[in-house]
Amino acid sequence: MASKTRKVSFYRLSLEKHTVIPGTNNIQVKQLSNSDIETFFRRICTEKMQSIAGGHKAINITVSSSRYVIEVISHEEHRAFIKIGQQNPANTVALRDKTTLETESVPMKESQLLELYTFCLIDFETGIVSYIGINGAPRISAIRNLFDQGIDREENVSAHLAAIMTNDILQVLVKKHIISKISVTVAVPEDQILSDIGLDRESFDSIRNIKTRMVTYKLVGRRNKNIFASSNKLAELIANIKAKHGDNLKGLTANAKDANEKSQAYDMLQYNFTKTVVLGKDDSGLLMIDDFEEALVQTYNLYKSELVKYSRV
């Protein structure tokens, strides 16, 4: 059996504290240090998570209509190795014998659900998160929600994840005089196409030879106006879009220009800092937790200096 390959994406995790300036309605925003982020993480583990087997800690997190479980497998030397799982109904999967090709139901208790999961590594010294992408598994946004839901509201702290880009493309864009348009292309389910464009089932069934179903969203600013109030909002938007759509994200461009030049489109997906990793051994069909941890740690250590440079820690 061939080794399995997966894509590792990298993000910069940050926390902001919002404080009302006394005697005014103005809000002061302070970027917290990486040490502060780890302190909040420890508090969440201690005060909000429950202990489970193996000395691990776990907590339920709600993202939109989905419920995730975040499990902290280890937290040592300022690094946390985390499993992110999403529960799925048992009637959509089965066990199949690779020789006889027979299937049988998955044995489960009433209190159990099947879980599809992936893993991430957080380095609290740099604030960099390494995430293994697996189709159908929870998005990296679950980590942002861990902090947003695990930190008490009265702390007035919000979490942010920014995709780490190569070639300093974000630095190039934020220095442009105007960012005038963002275009996002997403692969969507058939049912959403039906409802969005107003076709009934009979009309849609009459259409043939469709290769893919795509929807493109365009955020267009007023003439000669920048659509972003501050430069860091572009990185946050890119991270949010990637976190929401994952592998369904097929296109992401930004149009930008300086005062005396024509607008130019920049392909943001082309500049994502990602690496492909090999998991497991050629002769093994099963992947163990150690396989994922080894892949994340080795990949992160190998590219750490570049990641720190591009994330502008």
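Residues numbered from 1 in each chain as written. Predicted model: local features only at pLDDT ≥ 70, side-chain atom pairs only at ≥ 80, totals over all residues. Heavy atoms only, no water.

Visitor: So, empty space enclosed by the protein: which residues are in play, and what are the values?
Guide: Gaps between atoms show up when a probe of the same size as a water molecule is rolled over them. Within the structure shown, the criterion is met by 1 cavity of 30 Å³ or more. Approximately 50 Å³ is the volume found for the largest cavity. The wall of the largest cavity is formed by Phe-40, Arg-43, Ile-44, Glu-47, Lys-48, Gly-150, Ile-151 and Asp-152. (1 Å grid on protein atoms, 1.4 Å probe; cavity = no way out; pocket = protein on both sides within 12 Å on 5 of 7 lines; lining within 4 Å. Points joined across faces, edges and corners; volume = space filled by probe spheres on them.)

Visitor: Describe the environment of Thr-276, listing the residues and the values that go with them.
Guide: Topologically, Thr-276 is positioned in strand 16 (residues 274-279). For Thr-276, a relative accessible area of 63% gives the class exposed. For Thr-276 and Val-8, which are 268 residues apart along the polypeptide, the C-alpha to C-alpha distance reads 6.1 Å. Here Thr-276 is in contact with Thr-5, Arg-6 and Lys-7, once residues within four sequence places are set aside. (Helix = DSSP H or I, 4+ residues; strand = E, 2+ residues; numbered from the N terminus. Buried < 20%, exposed > 50% of the residue type's maximum accessible area, 1.4 Å probe, protein only. Contact = heavy atoms within 4.5 Å.)

Visitor: Can you break down the packing of aromatic side chains residue by residue, with the values?
Guide: One pass over the structure, following the stated rule, counts 7 aromatic pairs. An angle of 10° between the planes, with centres 5.3 Å apart, marks the rings of Phe-81 and Phe-119 as stacked. Taken together, the residues Phe-81 in strand 6 (residues 79-88) and Phe-119 in strand 9 (residues 114-123) connect sequence positions 38 residues apart. Here Phe-81 and Phe-119 have matching classes, each one buried. Among the aromatic side chains, those forming a connected cluster through ring pairs are Phe-81, Tyr-117, Phe-119 and Phe-292. Positioned above the aromatic ring of Tyr-117, the side-chain terminus of Lys-83 is 4.1 Å from the ring centre. (Phe/Tyr/Trp six-rings, centres within 6.5 Å; stacked < 30°, edge-to-face > 60°. Lys NZ or Arg CZ within 6 Å of the ring centre and 35° of its normal.)

Visitor: Please give an account of the environment of Ala-142 that cites residues and values.
Guide: Residue placement: Ala-142 occurs in helix 2 (residues 141-150). Residue classification places Ala-142 among the buried residues on the basis of a relative accessible area of 0%. Sequence separation between Ala-142 and Ala-243 is 101 residues, and the spatial gap between their C-alpha atoms is 8.7 Å. Ala-142 has contacts with Ile-61, Val-63, Tyr-68, Ile-70 and Ile-84, leaving out every residue within four places of it along the chain.

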